[in-house]
Amino acid sequence: MTDPVSHSVGGISGHIFRRAFHISMVTLPLLFYEYGGPISDFFKISPTQFVSGVILVMIIGEGTRLKLGFTVFGQRDYESKQVSALAWGCFAVGMTFLCFPNNPEFGYPLVVSLSLGDPFLGELRRKNLESKPVFIYGSIFIALIWIISWNLLDTPLWLAPLMGPICVASEWPRLRWIDDNATMLLIPLAAIMVVAPWV
């Protein structure tokens, strides 16, 4: 497995910053669902328009970064030539809010599963655990996120044992141009969109 530390701009400091930034994404559902109205009102647009605008700005910024071919602190060296994990994560989180602008019971656990689940799985692999225990521990960890969401937001409890394995399996594909920050959120998002009409 490629060492994420040696391939991070800034070495161990860059790797820690990347993990910390990932974990800080747990605040995004709070900002959108609790403060999205006042923030978007300041710009005289709707919360979904604000999210759409952020995605468009990200696309322009990422396109410029790729055109110039540079990476920033915490990014991996290969991201100088492909869409970064940050950009994929921004896109996936934005799509979640656009799909569920009024459903925090889905938006919160989806985004938190990515924000905490991805670094959790990455650190398990850094300890050289085999795929099976990583899958089991990861599924339990993410299922706990959905159980907490059930307790706090009335998310359907039966989604917990379903979304744990789906989120972990969604992190598996190793595609050259699509980062797991996208697959780990967009695939579970699609699953929720399919079952949401029945909830």
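Criteria and cut-off values
- Residues numbered from 1 in each chain as written.
- Predicted model: local features only at pLDDT ≥ 70, side-chain atom pairs only at ≥ 80, totals over all residues.
- Heavy atoms only, no water.
- Helix = DSSP H or I, 4+ residues; strand = E, 2+ residues; numbered from the N terminus.
- Expected span 1.5 Å × (residues − 1).
- Buried < 20%, exposed > 50% of the residue type's maximum accessible area, 1.4 Å probe, protein only.
- Polar contact = N/O pair within 3.5 Å; in protein donor to acceptor, adjacent residues only side chain to side chain.
- Salt bridge = Lys/Arg side-chain N within 4 Å of Asp/Glu carboxyl O.
- Contact = heavy atoms within 4.5 Å.
- Patch = residues over 30% accessible without salt bridge, like charges linked within 9 Å, V, L, I, M, F, W, Y side chains within 5 Å.
- Areas by Shrake-Rupley, 256 points an atom, 1.4 Å probe, with all protein chains shown as cover.
- Phe/Tyr/Trp six-rings, centres within 6.5 Å; stacked < 30°, edge-to-face > 60°.
- pLDDT = per-residue confidence, 0-100.

Student: Would you mind going over helix α8 (residues 180-195) with me for this structure?
Tutor: Along an α-helix, residues three or four positions apart point the same way, because every turn accommodates 3.6 residues. Helix length check: α8, at 16 residues, gives a terminal C-alpha distance of 23 Å against a target of 22 Å (1.5 Å per residue), a fit within 8%. For α8, every residue scored as buried is listed here: Asp180, Asn181, Ala182, Thr183, Met184, Leu185, Pro188, Leu189 and Ile192. With a side-chain oxygen lying 2.8 Å from the backbone nitrogen of Asn181, the N-terminal cap of α8 falls on Asp179.

Student: Would you explain the pattern of salt bridges in this entry?
Tutor: Side chains that differ in charge, positive against negative, can pair when their charged atoms come close. All told, the structure shown has 4 salt bridges when counted by the stated rule. Glu123 is paired through a salt bridge with Arg126; the nearest N and O atoms lie 3.3 Å apart. Of this pair, Glu123 and Arg126 are both found in helix α5 (residues 104-126), 3 residues apart, which corresponds to roughly one turn of the helix. Of the residues examined, Glu123 reaches a relative accessible area of 28% and is grouped as partly exposed. Linking Glu171 and Arg125 is a salt bridge whose minimum nitrogen-to-oxygen distance equals 2.9 Å. Taken together, the residues Glu171 in the loop between α7 (159-170) and α8 and Arg125 in helix α5 connect sequence positions 46 residues apart. In terms of burial, Glu171 and Arg125 fall into one category: buried. Each of Arg19, Glu123 and Arg126 takes part in a single network of salt bridges with overlapping partners.

Student: I keep staring at the environment of Leu153 and nothing clicks. Help me out?
Tutor: Along the polypeptide, Leu153 turns up in helix α6 (residues 131-153). When near neighbours in sequence (up to four residues on either side) are disregarded, Leu153 contacts Pro104, Glu105 and Tyr108.

Student: Any chance you could explain a nonpolar patch on the surface here in plain terms?
Tutor: Among the surface-exposed residues, Leu30, Leu31, Tyr35, Ile39, Phe42, Phe43 and Ile45 lie close enough to one another that they form a single nonpolar patch of about 670 Å² accessible area. Tracing the backbone shows Tyr35 in helix α2 (residues 27-42).

Student: Can you walk me through the packing of aromatic side chains in this structure?
Tutor: One pair of aromatic rings is described through two measures. These are the centre distance and the angle between the planes. Applying the stated criterion across every chain yields a total of 10 aromatic pairs. Pairing Phe32 with Tyr33 gives two aromatic rings, centres 5.0 Å apart and planes at 80°, and the pair type is edge-to-face. No difference in accessibility class separates Phe32 from Tyr33, as the two residues are buried. Between the aromatic rings of Tyr33 and Tyr108, the centroid separation amounts to 5.6 Å while the plane-to-plane angle is 25°, which identifies the pairing as stacked. Here the residue Tyr33 occupies a position in helix α2, and Tyr108 occupies one in helix α5, the gap between them amounting to 75 residues. With respect to burial, Tyr33 and Tyr108 carry one shared label: buried.

Student: Which parts of the structure should I look at to understand unusual backbone geometry?
Tutor: Trans peptide bonds make up the majority, and among non-glycine residues the majority have a negative phi. Positive phi outside glycine occurs at Asn128, with the angle close to 65°. By the secondary structure assignment, Asn128 is in the loop between α5 and α6. Located in the positive-phi region is Asp154, a residue other than glycine, with phi close to 65°. Residue position: Asp154 is located in the loop between α6 and α7. Judged by relative accessible area, Asp154 falls into the exposed class, the value being 64%.

Student: Explanation requested: the confidence of the model for the protein in the structure shown.
Tutor: Interpreting fine coordinate detail is not advised for predicted regions of low pLDDT. Considering every residue of the protein, the mean pLDDT works out to 88; 90% of them sit at 70 or more. By mean pLDDT, the top-scoring element of the protein is α6 (96), and the lowest-scoring one is helix α1 (residues 11-24) (78).

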